[in-house]
Amino acid sequence: MSMPEITEDMIFECFAAARKSDDMGKTASSFVDVEEYENEIMYPEFARWASKAGHPDLAKLFRKVAGEEKLHAVWLRELYSDIGTPERGEDTQRAIDALETIRANCDELIAMNPDSVIEKALMVAIRVEEREYLDIYPRFRDQALANNDEATAQVYQRVIDSEQQHAEWFQGALDSYRETHLQMA
Ligand SMILES: [Fe+2]
Ligand SMILES: [Fe+2]
């Protein structure tokens, strides 16, 4: 019987990248789309895996970060009150589909080998947060600065700082997870 394999790259496919557009309003809308996806779908699913695998502490961390992703969207919505329901980005839809595809296999794999999925989910969460705070959102902030929109730039900077903290929390969780796991092995 072949065992379903969930790779780190497959989990990374569940991450959606917000897209910078020439129109700052469209950039903002893409940002809100992605942040709300992380809040409503991606991190709650990671939290579900963690609690299924018997790690309520990690489930709590994923839910805490999910809550902050919601805040990121709220901060920007305060400046762009006409966003409403943002258009579902192509990349966000692709990420939702990727998450659906691995969901069934994931449950099976967690039952057989919980540690592998949880470790990969943490590694992916770190990659996601790093990509946001080092690459994607600095470009959004710089676009706002180039348009002399200090208020928007400040919000993106707050988000950058927050995503960096998320990466650090996940790195700390991964380190202690590995430590505990190695001690048990
Ligand atoms: Fe965020
Ligand atoms: Fe984040």
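Remember, predicted model here, so these are calculated numbers, not experimental data. (Residues numbered from 1 in each chain as written. Chains lettered and ligands numbered in written order. Predicted model: local features only at pLDDT ≥ 70, side-chain atom pairs only at ≥ 80, totals over all residues.)

Engineer: Explain the overall build of the chain to me, please; I cannot follow it from the model alone.
Structural biologist: On a plain count of helices and strands, the chain comes out with six helices and zero strands. For the chain, buried positions account for 35% of its 185 residues. The contacts in the chain between residues at least 6 apart in sequence include a share of 78% that link residues at least 24 apart. (Helix = DSSP H or I, 4+ residues; strand = E, 2+ residues; numbered from the N terminus. Buried ≥ 20, exposed ≤ 12 C-beta atoms within 10 Å, placed from the backbone. Contact = placed C-beta atoms within 7 Å.)

Engineer: Looking at this model, I keep getting lost on helix α4 (residues 90-112). Mind explaining?
Structural biologist: Every α-helix winds through 3.6 residues per turn, so residues three or four apart in the chain are directed the same way. Between its first and last C-alpha atoms α4 spans 34 Å; for 23 residues at 1.5 Å apiece the expected length is 33 Å, and the two agree. At Arg 103, α4 is deflected by roughly 40°, the largest bend along its length. If you check which residues of α4 are buried, you get Thr 92, Ala 95, Leu 99, Cys 106, Leu 109 and Ile 110. Looking at the buried residues of α4, the elements they touch are α2 (24-52) and α5 (114-146). (Expected span 1.5 Å × (residues − 1). Bend = angle between axes of the 7 residues up to and from the residue.)

Engineer: What should I look at first to understand helix α3 (residues 56-79) in this one?
Structural biologist: Given a rise of 1.5 Å per residue, 24 residues ought to cover 34 Å, and the 36 Å separating the end C-alpha atoms of α3 matches this to within 8%. Turning to α3, its buried residues number three or more, namely Leu 58, Ala 59, Leu 61, Phe 62, Val 65, Glu 69, His 72, Ala 73 and Leu 76.

Engineer: Just checking my understanding: could you explain the environment of Glu 163 for this structure?
Structural biologist: Assignment of secondary structure puts Glu 163 in helix α6 (residues 150-184). Other than its neighbours up to four places away in sequence, Glu 163 contacts Glu 129, Glu 132, Tyr 133 and Tyr 137.

Engineer: Got a minute to help me understand the nonpolar core in this structure?
Structural biologist: A general feature of soluble globular proteins is that nonpolar side chains tend to end up buried together. Core analysis: the largest hydrophobic core is formed by 45 residues, its most contacted members being Phe 46, Trp 49, Ala 50, Phe 62, Val 117, Ile 118 and Ala 121. Listed by contribution, the elements that provide at least two residues to this core are α2, α3, α4, α5 and α6. Per-element tally for this core: the top contributor is α2, with eleven residues. Residues contacting Ile 118, with those up to four places away along its chain left out, are Trp 49, Ala 50, Ala 53, His 55 and Leu 58. (Core = buried A, V, L, I, M, F, W, Y, C linked by C-beta atoms within 7 Å.)

Engineer: Help me out: how do you make sense of the environment of Asp 135 in this one?
Structural biologist: If you trace the backbone, Asp 135 turns up in helix α5. A sequence separation of 28 residues divides Asp 135 from Asp 107, and the C-alpha atoms of the two residues are 32 Å apart.

Don't take any of this as a statement about function, it's just geometry.
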